[in-house]
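In case you want the letters, here they are:
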Amino acid sequence: MYQSIHRLYHHHCLSKIFQPVNLKPKDSNVKKDEPMSLSQKLLVETGIISLRSNGMFALLPLGQRILKKLMMIIDEEMISVGAQRLTLPLLTSADLWKITGRWNSTGQELLSLQDRHNREYVLSPTHEEAITSLLRDVYPLSFRQLPLKLYQITSKFRDEMKPRFGLIRCREFVMKDLYTFDESEAKAIETYSEICNAYDNIFQRIGVPYIKVAGDCGNIGGSFSHEYHYQAAIGEDTLLVCHGCQEATNIQLLSDSVNAVCSKCGSDMATITGIEVGHTFLLGTKYSEPLGGCYQNKRGKPEAAHMGCYGVGLTRVMAAVVEVLTTSDNIIWPWEIAPFKVCIIGPKEGSLEAGVTRWVNHLAKVLSSLPGYEDDIVVDDRHRLTIGKRVLEARRTGYPYIVVVGKKAQEDVPMFELIHTMTDESCYLSHHMLITHMRGAA
């Protein structure tokens, strides 16, 4: 009983959170070989991530909170379509990649190594070979068990020649990869449509406008694919979007992109740039046939499964939403994945209004008990800093709401300042009005 009450009213103290703020002096120079995006700059400076080596970043505690919230959204949507989560080894035998031909076709971006016995392995960027070999080794899998949908959320690796823009293009990244197995192409297309609907739900829940386009199957292969993009100036993909019917495609699919006309409605198409954050593929039997990924059909015979694969780059989403929503030196997080939803700031130690400090813990306790705010309240208890200094840091980190317990909390009817960082609006509310407002915002 005590544990459940403790969790209900739990809040965090900023003084206990490892958040090494890394502000560079205004007159410091960025080296020419350091491509710096807005998201990289802000995420590093606010102590959400830390650059450990070229193209390699540590996710610090606030970054882990954001990642955990993304995982929760994905897990819930994957469960809704009957997908099951597993974890595959990060190392995949090179023999599997040689069988499918990707050992040579992937090129120098493929990270590989040898163990002490001179066996070769791939530090996997994707796991089509690994998951198909798993299906092969558990045969017979009955047609009654299909469609089979297996996914994981793990680190992936790519030997980028020029890592850039922080988490947007780095050497190690966190990705959700789902693999599906069906008994026929028609059934696989049905599953593909179902998963694409789940992807729409994922990106709608994240809350940042996205664009779904016909995509290039590239080295992964398959009969067709779709990409999910956030429109951003630093995006590396060029997209064509029809303003008439919203049909969209990656420019890589067109032989003549200059005079592109929408095949669906005949309207001209506009060019935009996007950051790819998700990709879905209908693979057919590209991997199951050479690797023996079979199920047992109705006649009791082995038959190659029809596959699909579906990826979401979680760490790339983290950076991309900052690129899309942030226009200044203050991060804007979408509500669902903000590291904390509310930051409460009390008086400076020794100030004239220090007597109202008691309100800070009271508000933290009440707010953390509201539905939607459990474990999502942080108190900036660094009382030696001024309120103004702490408000600036809270804005910069991107907490959607900041509650300030200041001078007006001394009045006969205590008033608290509520700052909504996304709209840059603030107002003073009584205790009752504040709780009512926050309950409605969740």
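Above this text sits the structure in question.
In this text, all values refer to a predicted model and were calculated from it rather than measured experimentally.

Calculation criteria
Residues numbered from 1 in each chain as written. Predicted model: local features only at pLDDT ≥ 70, side-chain atom pairs only at ≥ 80, totals over all residues. Heavy atoms only, no water. Core = buried A, V, L, I, M, F, W, Y, C linked by side-chain atoms within 4.5 Å. Buried < 20%, exposed > 50% of the residue type's maximum accessible area, 1.4 Å probe, protein only. Helix = DSSP H or I, 4+ residues; strand = E, 2+ residues; numbered from the N terminus. Domains from an automatic or database assignment. Contact = heavy atoms within 4.5 Å. Pairing = 2+ DSSP bridges. Axes fitted to C-alpha atoms, helices over the stretch in contact; angles between N-to-C directions. Expected span 1.5 Å × (residues − 1).

Undergrad: Whenever I open this one, the nonpolar core confuses me. Can you help?
TA: Proteins that are soluble and globular tend to have nonpolar side chains buried together. Core analysis: the largest hydrophobic core is formed by 69 residues, its most contacted members being Met 78, Ile 206 and Trp 333. Among the elements that take part in this core, helix α7 (residues 185-206) stands out by supplying 9 residues, more than any other. Per-domain counts for this core show at least three residues from each of domain 1 (12-325) and domain 2 (340-441). For Trp 333, the residues in contact, after removing those within four places along its chain, are Leu 43, Ile 48, Ile 66, Met 318, Val 321, Val 322, Leu 325, Ala 338, Pro 339, Thr 397, Gly 398 and Met 422. Judged by nonpolar contacts, the second largest core, of 22 residues, contains Val 360, Val 405, Leu 429 and Ile 435.

Undergrad: Could you clarify how one ought to interpret the sheet that holds strand β21 (residues 415-420) in this entry?
TA: Across a sheet, strands are paired by hydrogen bonds formed along the backbone, either parallel or antiparallel in direction. Reading across the sheet, the 6 strands line up as β1-β19-β18-β20-β21-β22 and stay open at both edges, with mixed pairing between neighbours. With partners counted over all chains shown, the strands left at the sheet margins are β1 (12-13) and β22 (425-430), one partner each. In this sheet, β21 lies alongside strand β20 (residues 401-404) in antiparallel orientation, the contact comprising 4 bridges. Paired with Tyr 401 across the bridge in β21 is His 420.

Undergrad: Help me out: how do you make sense of the sheet that holds strand β5 (residues 91-93) in this one?
TA: Here 3 strands make up an open sheet; going across it, the order is β5-β7-β6 and the pairing antiparallel. Among the strands making up the open sheet, the edge pair consists of β5 and β6 (111-114). The sheet shows a mean angle of 35 degrees between the axes of neighbouring strands, direction not considered. When β5 meets strand β7 (residues 120-123), the two strands line up antiparallel, connected through 3 bridges. Bridge pairing links Leu 91 to Leu 123 in β7.

Undergrad: Would you explain helix α9 (residues 314-325) in this entry?
TA: Since there are 3.6 residues in each turn of an α-helix, residues three or four apart along the chain are aligned in direction. Given a rise of 1.5 Å per residue, 12 residues ought to cover 16 Å, and the 17 Å separating the end C-alpha atoms of α9 matches this to within 8%. For α9, the buried fraction is high: 10 of the 12 residues fall into the buried class. Of all the residues in α9, the buried ones are Leu 314, Thr 315, Arg 316, Val 317, Met 318, Ala 319, Ala 320, Val 321, Val 322 and Glu 323.

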